[in-house]
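This is what each chain is made of:
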Amino acid sequence: MINGIVLDAETGQPVIGASVWVKNSTIGTTADIDGKFSLKYDDANSVLAVSFLGYEEQEFPLNTSATNLVVKLKTSASAIEDVVIVGYGVQKKASVVGAISSVAVDDLKAPVAKLSGNIAGQLAGVVSIQRSGEPGAGSTFWIRGISTFGSSKTPLVLVDGIERDMDLVNVDDIASMSILKDASATAIYGVRGANGVVMITTRDGQIGKPKVSLSVEAGLLSPTRMPEMLDATQFATMYNAASGREVYSPTDIDKYVSRVDPDLYPNVNWLGELYKSHSYNEKVNLSISGGGEIAKYYISGAFYNEDGLFAVDNMKNYDTSLYYRRYNFRSNVDVQVFRHTKLNINLATSFERKNEPGGSASSIWNYALTTAPNAFPMRYSDGTLAGPADNDGYSPYVLLTQKGYREKFWNTATSTINLNQDFGNWITPGLTANLKFAFDAMNYQDLSRTKTPQQFMAVGRDEEGNLIKNETVVGEESLTCKQYASSRRTVYLEASINYARTFGRHTVGALFLYQHSQKNLTDTTESDSDQLLPFRNQGIAGRITYDFDNRYFIEGSFGYTGSETFAKKNRFGFFPAVGVSYFVSNEKFYPEGLKKVMNNLKIRLSMGRTGNDDTGTDRFLYRATFNTEGHTFNQGIGTSASNGMGAGIYDLRFVNNDIHWEIETKRNVGLDLGFFDNEIELTADYFNNRRKDILLERNTVPGVAGFHAKPWQNYGIVDNWGVDASL
């Protein structure tokens, strides 16, 4: 018999649930709420092993007279990396059977506005595209490509277990980030897991004295490439050659060269005048963390500023420049309420502001590229604005600097309360329960103050040399005001029971979970009442894991989730998955000589089903819709019939209670290799996925059938296969 206690080497706190077992036997137990354990063994020459997630494993010979053992487990960077975030929990990296990729937080840190713009090239299987270079712009990304014709192609993003916008998370607040790619990892999310899942966990406080961290970063931004445009002389010469006639005389071309009269013979490099060669961004982050046995805390604040590449007219009394600013605040607090009860409260908020010129960025770019350098100047020498008539285009200079400005504001607040209860001493070791509640609110406001200024086009000079101008745009002097606002509120509730325990060489785990979410939208311009109704999802999920001797692993999981998008008979779906893995390098027959070179060899297999319930079109497609403004029918005799009977009514969309979610069958084969004590690691996966029942409109219905709308049906199919690897 041996008794002992397992403690954290740095803090001295008990390591609850640490695995304690006699190696090469079926004898084992777990540490209780106080970190204590008691174990009987038969062979005095045996070796006792102690381990826990995030700690280095330790071994102790039992051939000593000591009967009370104090085990102090040490954390290390490698040990922390061996912990992987999975759906609704964490697992040892060695026990993972699915295709899961993780990225080091330091690799995500860069002076960019949005986190999504920094994951390209960081994670195997992720394809990322940034479609705009404007300040504050993020990226669109997909996991293992696009597997649907529908509108919902992007993955589910979970921040601290709640569906949230990853671009609102300050990268310095992130503790870990993983992506779940195959069915064994994503089936547990049911109708939301088909496109993959991104898991982000924010930082917690650490026991000890307060630690203050301050970082200041600055960056220089410049266009990747700018087109080289023709000047007025080159344009006139090439225009003559292209038209086959002398549109511009040699005298005209000489005046473009000499620039003797820039009013009538302008030579404007629109891109050079309207765009700067570079701009700047800055980021400041301040955090403090610490705590004791009862409470731990992590508090942070951050500021980010990014200027755009548009030039500015300093003569205006309002700001037409393009810039983006964001403020982030976070407070994560852990409280040990009772010996067996832990409370976690995470609060975060972000304030965003973006300033834009009155003209849209796309219009400014379009007209800067297409307006000829000799069309007109930015301003005439007398100070009046130049520009064509409304039907002949726009002056890019006016669009950028003279049409007013727009201000956009976002305010997002997130809150999560998590209560964890350990039943190890009351019912059985390894049994815990968790209750999670979250409330998020987002408010958006768009304020536009714009105008169309008076503009002229010069056609010549009078005898005294004064410009002769025609007014092309009457214009207005005062700024008009237009407002738009929207908001979103989300409530999420989750309750789960977890079990994890080691019996000698056998390790078992189980999870059962219920979740319910509701999202409410408000929009000042929304006329569709369906969009203002609550969006609701609910479901249950489960997982069972088994590990024998750290060599053979099997995991089964399921998601039974419901969506209010479909008719009653199709609102819930069952999505199962199974995965197995074989740790070849942990076998006794694995050669020791080979182990010195290839110390890690693991094979993984998984298969299962996931779903996608986002139709991307009108809600409740199963319901019939009608048009009440059909042809008017009259009655009477003669050509002037009277006594109208009113407008006709005809159907647009038919009732279809068979519409349901997309279903994807995922298959995955993976290989994990580690060389030279994991100094070099290679992970490769082959995947073969088939997405069926994609919701599409039937285009095969002929018009002579008399239907006014194409029917919706689940008949689309997409096959998606490939290989992703990381080294």
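The present account deals with the structure reproduced in this document. (Residues numbered from 1 in each chain as written. Predicted model: local features only at pLDDT ≥ 70, side-chain atom pairs only at ≥ 80, totals over all residues. Heavy atoms only, no water.)

## Some remarks on helix H4 (residues 232–243)
Defined as follows: Secondary structure elements are defined from DSSP: runs of H or I of at least 4 residues count as helices, runs of E of at least 2 residues count as strands, and each element is numbered from the N terminus. A helix is expected to span 1.5 Å for every residue after the first. Classification of residues uses two cut-offs on accessible area relative to the type maximum, computed with a 1.4 Å probe and protein chains only: under 20% is buried, over 50% is exposed, and between them is partly exposed. Here, the arc refers to the directions that run from the helix axis to the C-beta atoms. Polar contacts here mean pairs of N or O atoms no more than 3.5 Å apart (in protein, one a potential hydrogen donor and the other a potential acceptor; neighbouring residues in sequence count only if both atoms are side-chain atoms).
In this model, H4 (12 residues) spans 16 Å end to end at C-alpha, consistent with the 16 Å of a helix rising 1.5 Å per residue. For H4, the set of buried residues is Ala 232, Thr 233, Ala 236 and Asn 240. Angularly, the buried residues of H4 cover 110° about the axis, an arc narrow enough to put them on a single face. Projecting away from the buried face of H4 at angles above 90 degrees are the exposed residues Ala 241 and Ala 242. A side-chain oxygen of the first residue of H4 lies 3.3 Å from the backbone nitrogen of Thr 233; this N-cap is Asp 231. Gly 244 occupies a position one or two residues after H4 and carries a positive phi of about 80°.

## What to know about the sheet that holds strand S14 (residues 162–163)
Spelled out, the test is: Should DSSP find at least two bridges between two strands, the strands are taken to pair.
Spatially, five strands are ordered S10-S15-S16-S13-S14 in an open sheet, and the strand pairing comes out mixed. At either end of the open sheet lies a strand with only one pairing partner, and these are strand S10 (100–103) and S14. Inspection of the sheet shows strand S13 (residues 156–159) paired to S14 by two bridges, in the antiparallel sense. Bridge pairing in S14 links Leu 158 to Glu 163.

## Observations regarding the sheet that holds strand S1 (residues 2–8)
Condition: Axes here mean lines fitted to C-alpha atoms, for a helix over just the part in contact, with angles spanning 0 to 180 degrees between N-to-C directions.
The mixed open sheet is built from three strands, whose spatial order is S4-S1-S7. What marks the edges here is a single partner per strand, and that holds for strand S4 (36–39) and strand S7 (68–73). In this sheet, neighbouring strand axes are inclined to one another by 25° on average, regardless of whether the strands run parallel or antiparallel. With six bridges connecting them, S1 and S7 associate as parallel partners. Residue pairing across strands places Leu 7 opposite Lys 72, the latter belonging to S7.

## Structural notes on the side chain of Thr 490
For clarity, the cut-off: Only heavy atoms enter the contact rule, under which two residues are in contact if any of them lie within 4.5 Å.
Here Thr 490 shows up in strand S26 (residues 480–503). Filtering out sequence-adjacent residues up to four positions away, Thr 490 remains in contact with Ala 438, Phe 439, Asp 440, Gln 518 and Lys 519.

## What about the pairing of strand S15 (residues 174–180)?
Of all seven residues in S15, five are buried; the element is thus mostly enclosed. Two strands pair when backbone bridges link them, and S10 and S15 are joined in this way by four bridges, in the antiparallel orientation. The partner of Val 103 across the bridge, within S15, is Met 177. Alignment of S15 against strand S16 (residues 197–202), held across six bridges, turns out to be antiparallel.

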